[in-house]
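Observations on the three-dimensional arrangement
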Amino acid sequence: MSTGAPHWRDVASKDDAERLRALAETEFPGGVEASPIDRRRFLALAGASLGLAGLSGCMRAPAEKIVPFVHPVEGRVPGKPLYYATSMTLAGSATGLLVESYEGRPIKVEGNPAHPSSLGATDVFAQASVLGLYDPDRSKTVTYLGRPRIMGDLAGPLREALATAKHGKGLRILTETVGSPSLIRQRGELLERYPEARWHSYEPAMSGAASAGARMVFDQSVRTHYDLSKADVLVALDADFLGSGPGHLRYAHDFAARRREPLTAERMNRLYAVEPTPTITGARADHRLPVLARDVIHVARALANALGIGKWTDAPPDAATASFVQALADDLRSRRPGTTLVVAGDNQPAALAALVQAINRHLGNFGGTVLHTGVSEAPEDAGLSSLVELASDMREGRVTTLVNLSGNPVYTAPADLGFADAMKRVPLCVHLGLYQDETADYCQWHIPEAHYLEAWGDARGHDGTASIAQPLIAPLYAGKSALEVVGMLSGEPGRSGYEMVRETWQAHGSKQAGGFETWWRRTLHEGVIAGSASPTIEPRWRDDWQARAGLNGAAPARNAGPLEIVFRPDPTVFDGRFANNGWLQELPKPLTKLTWENVALISPATAQALGIKAATEGPHAGSHGEAIAPVVELTYGGQTLRAPAWVFPGQADGSIAVHLGYGRTRAGTLGSNIGFDANRLRASAAPHFGPGLDIRTTTTTTTLACTQLHQSMVDRQPVRTADLATFLKEPRFAQESAHTEGGDRRHPLTLYPDDHPMKGPQWGMVVDLNACTGCGACVVACQAENNISVVGKEQVARGREMHWMRIDRYFSGDSANPTAHVQPVMCMHCENAPCELVCPVEATTHSPDGLNEMTYNRCVGTRYCSNNCPYKVRRFNFLAFADYATASLKLLRNPDVTVRSRGVMEKCTYCVQRIREAEIDANNRKRPLRDGDVITACQAVCPTRAIVFGDIHDANSQVAKLRESQRNYGLLEELNTRPRTTYLASVRNPNPRLETR
């Protein structure tokens, strides 16, 4: 059948196939051994790629009892890991985790299948968090004005400050979003003890629009979450609910479940996305409408009009948008109540969130796809208004003591607040943080914070489900948690976080069968507090909601003249808190494929109008990723900074997107002084987007490291796609070629007879492109599992990144609004492996169970195998990125995986260490291997279950059944490599009334 329109990888290559072909022919470009990296930078990268320190301090066992997540026997067996359930909190929402611990050292994170927010999956931040635990740049001691002190030295000044301030007058506490029931309890007790104190919350990457919008339409405090498993039609209004935000792992799981077999018109969902800048959700959409961020609410008002909710007079921006909105409205109206869903992005104003609540109510989605829960603890305002109030109080001299817990407002606050200058007026500033960051530089006292893997705590997931966070290791540097610092303010300096968390749940646990201790042990074992999810409610609707939301009049006039700037958290370093994490810095961004950098994203049409050229390949680029990008000056709100311009398809015309998290000055060895600080352009009146941007071109250029042209398969069809209607008529994706009999790829021509015996399991993998979102979690999971080193920006630009798997991104269609396709590519473990034929020392061989194996101590680095591999999935470690000299590196490394020295080829092994461990375990239990006994690292982490691994000769295994799917095909199968890794083609479900992207 047809595989759709031709695919292309960047704007420049769309119309220049000859250039792309020439690049592909140059596998190792000139100057490949030359490197501009100096010795200091190299040592920093080698040491921080697996950044570890504090060997003597980290081997102490915690005094409190922690409970492993093991179902057979709870006990320690030397050389065998234990798994402990815990949770990681980001932006106030918890993700349930299982952390693998070897001899008391956590080395690998997995998702907790019992936690509703993860269902066994994790995102890139959770996967890379174990590297943050061992980061050598973490703060190591209490300091006063930069000089080392001890915690006892701080107790006196705090007592004096609190005694001087009557009823806590002048005391301010600043946190990020609080999702911990114990910390919320402490907050209430502290404010009761000091009634004139104030507690402020600020989340840099979120506006709090969802909760603010809910307060406009309901007469009670509620939280909103979604059930995507029931949604036939979904609409994302500048909402990346598949890629970020509370519950995104669960949402991605439920969304993908509706895009698996059987694919029928009744079962398969349809996704519309309206957004100013490309996102993971937009890339998966069946229809995507790029619009200015300020026009998203106009599209929503037009949709409400078409549905018969309001009678607003403002029209959509243009005729094409009007047609899109009408077709969308008709599609929504044709569905049964409770089977559609409209989601508003948190970066949009609260009025849009209120309007979306009204649309969902009108469509009958309340209680179906839209779930409301009560707020079990006192609600908080984590929006910018709380930080604005604090900055004003500091400038006016009303703050005498500021305690900053975990956040970094000096860096993350909008520039016009002048937060750093305001802090100078506060007599006593105390900072708790993992690093001596920008905010710590303006505080007299700094306290090292305990990593979440070192501290007791609790947190709630997206649906209110509570979990206990238990430490895996004692604090490496005697760090303190936020619970312990607040306990110090409340007059309980000696109490541990363990005691405080137990106190919070004492009443609840005592009511359970067996009493509190039995309940406590069971809860630590499972990682989830049973029955703690917030119950759903039917909130009371307000009749005056339009007036409260400011929607009872005409919308503000649209001005098409000035350019718009859009601020978004970075996909890999978030708001900057992960800037020093080498795994995340080197992870290619899901869509742009940039590493170690942020840029200003500009649409092709806008770039042409402004005279901005697309990036070009650098002198050492070859088929790799050194790009020379023009530098532009961005002026907004009276502030000016320079940024690389990146022409990117799908960006809305007239809208320039910049990502937060870069340009930091005190992030650590890896994260400081790279990229530009977009916070310098943010204004408190419009922190997420706004018009009035001015761009000026310069004569300066800069070098970027981008992987989008790495290992290009020129003139091939790597991604097979079709729309649902075509697929149902002609459900075939396997390519007919000369090496197959009658076009049947399951019975290729071979020298062996049909009954050639293959004893034992035969391993293989299937990747469902209909489910994959390209989030990149599998890449980081593979890196953590297999001790893969970080190489740095300069080496990535030369195509030397060491990732054993990559996620290729392709486009099809018009560059103004193309369709995006993603494809994970790892070693195919070919049955007719081209690499095995050319190795002069037999370092790469075939195992009896079908693996293409690497014997590292045979490899002499000829790289013949890489040259002969059509998939370009083999990595050669040009430099000694693995550091054998530092003994503490052993703490993070997986002891089951060999650490490679310089000069050998590396690649995906199908996690052979996990295969062998499962075989040994099954043999000890005197039973055969079962389907699901072996879970690869990339498979375990995937939130959409896009990756399935198993025995392809077991007819009852899931992987064997998927290989029989009509969507199954092999990558470059015309070469007769007979790959063991195959793919399920992507099928979209477009609205017939709209032209397919």
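Here's a quick rundown of the structure. (Residues numbered from 1 in each chain as written. Predicted model: local features only at pLDDT ≥ 70, side-chain atom pairs only at ≥ 80, totals over all residues. Heavy atoms only, no water.)

**Observations concerning the environment of Arg-395**
Definition in use: Only DSSP runs of H or I covering at least 4 residues are called helices, and only runs of E covering at least 2 are called strands; the numbering of each starts at the N terminus. Here, residues are in contact when the closest pair of their heavy atoms is within 4.5 Å. We call two N or O atoms a polar contact when they sit within 3.5 Å, provided that within protein one can donate a hydrogen and the other can accept it, with sequence-adjacent residues counted only if both atoms are side-chain atoms.
For Arg-395, the location among the structural elements is in helix α14 (residues 384–395). Here the alpha-carbon distance between Arg-395 and Met-423, two residues 28 residues apart in the chain, equals 7.8 Å. Ignoring any residue separated from it by four or fewer positions in sequence, one finds Arg-395 in contact with Leu-417, Ala-422 and Arg-425. At a separation of 2.7 Å, a polar atom in the side chain of Arg-395 contacts the main-chain carbonyl oxygen of Leu-417.

**Digging into the sheet that holds strand β4 (residues 142–144)**
Here is the rule: In short, DSSP must find at least two bridges between two strands for them to pair. Here the axes come from fitting lines to C-alpha atoms, over the contacting stretch only for helices, and the angles between their N-to-C directions go from 0 to 180 degrees.
Pairing within the open sheet is mixed, and its 7 strands lie in the order β5-β4-β16-β15-β14-β6-β7. Across the chains shown, the open sheet's two edge strands, defined by having one partner strand only, are β5 (147–149) and β7 (198–201). The sheet shows a mean angle of 20 degrees between the axes of neighbouring strands, direction not considered. Bridging between β4 and strand β16 (residues 445–448) involves 2 bridges; their strand directions are antiparallel. By the bridge assignment, Thr-143 is partnered in β16 with His-446. On top of the sheet, helix α7 (residues 181–193) reaches β6 (171–175) and β7; it is set at about 150 degrees to β7, its chief contact.

**Details of the packing of aromatic side chains**
Remark: the centre distance and the inter-plane angle together describe each pair of aromatic rings, the angle taken between the planes. Note the threshold: Within 6.5 Å between ring centres, the rings of Phe, Tyr and Trp (the latter by its six-membered ring) count as paired, and their orientation is classed by plane angle as stacked under 30 degrees, edge-to-face over 60, tilted in between. Per-residue accessibility, obtained with a 1.4 Å probe over protein chains only, is compared with the maximum for each type, and a residue is labelled buried under 20%, exposed over 50%, and partly exposed between these values.
Enumeration according to the criterion identifies 21 aromatic pairs in this entry. When the ring of Tyr-272 is compared with that of Phe-324, the centres are 5.9 Å apart and the planes differ by 90 degrees; the resulting orientation is edge-to-face. With Tyr-272 in strand β10 (residues 270–275) and Phe-324 in helix α12 (residues 319–333), this residue pair connects regions lying 52 residues apart in the sequence. Pair check on accessibility: Tyr-272 and Phe-324 agree, each one buried.

**Focus: α14**
Definition in use: A helix is expected to span 1.5 Å for every residue after the first.
Under the 1.5 Å per step criterion, the end-to-end length of α14 is 17 Å for 12 residues, consistent within 8% with the ideal 16 Å. Every buried residue of α14 is listed here: Leu-384, Ser-386, Leu-387, Leu-390, Ala-391, Asp-393 and Met-394. As for α14, its buried residues are in contact with β6, β7, β14 (401–405), α15 (409–412) and α16 (419–423). Once α14 finishes, Gly-397 follows within two positions and takes phi at roughly 80 degrees, a positive value.

**Considerations on unusual backbone geometry**
The general pattern is negative phi for most residues beyond glycine and trans for most peptide bonds. With omega at -5 degrees, the peptide bond leading from Glu-261 into Pro-262 counts as cis. One non-glycine residue with positive phi stands out, namely Leu-119, at about 50 degrees. Here Leu-119 lies in the loop between β3 (105–111) and α5 (124–133). Judged by its relative accessible area of 21%, Leu-119 falls in the partly exposed class.

**Quick notes on the side chain of Asp-575**
You can see Asp-575 is positioned in the loop between β19 (563–569) and α21 (582–586). A distance of 2.7 Å separates polar atoms of two side chains, one belonging to Asp-575 and the other to Arg-577. Apart from the residues within four sequence positions on either side, Asp-575 is in contact with Glu-203, Pro-204, Tyr-411, Thr-412 and Gly-661.

**What to know about the sheet that holds strand β11 (residues 287–290)**
Taken in spatial order, the 4 strands make up an open sheet running β11-β10-β9-β12, and their pairing is parallel. If you trace the sheet from one side to the other, it starts and ends with β11 and β12 (340–344), each paired once. Pairwise comparison of adjacent strand axes, ignoring direction, gives a mean angle of 10 degrees for this sheet. Note: β10 against β11, 4 bridges, orientation parallel. The residue bridging Glu-275 from the neighbouring strand is Pro-290, located in β11. The strands that α12 touches are β9 (233–237), β10, β11 and β12; relative to β10, the one it contacts most, it runs at about 145 degrees.

**Focus on the pairing of β7**
Note the threshold: By convention, a crossover is right-handed whenever its connection, traced from the first strand over the helix to the second and viewed with the strands pointing away, goes clockwise.
The pairing of β6 with β7 spans 4 bridges and is classified as parallel. Within β7, the residue paired with Ile-173 across the bridge is Trp-199. Each parallel crossover has a hand, and the one from β6 via α7 to β7 is right-handed.

**A word on the side chain of Glu-176**
Relative to the helices and strands, Glu-176 resides in the loop between β6 and α7. Relative accessible area serves as the criterion here: at 18%, Glu-176 is assigned to the buried category. Separated by 3.3 Å, the side chains of Glu-176 and Arg-577 make a polar contact.

**Quick notes on the environment of Tyr-662**
With respect to the secondary-structure elements, Tyr-662 resides in the loop between β25 (655–660) and β26 (689–706). C-alpha of Tyr-662 to C-alpha of Asp-575: the two residues are 87 residues apart in sequence and 8.2 Å apart in space. A distance of 2.6 Å separates the side chain of Tyr-662 from the side chain of Lys-589, its partner in a polar contact.

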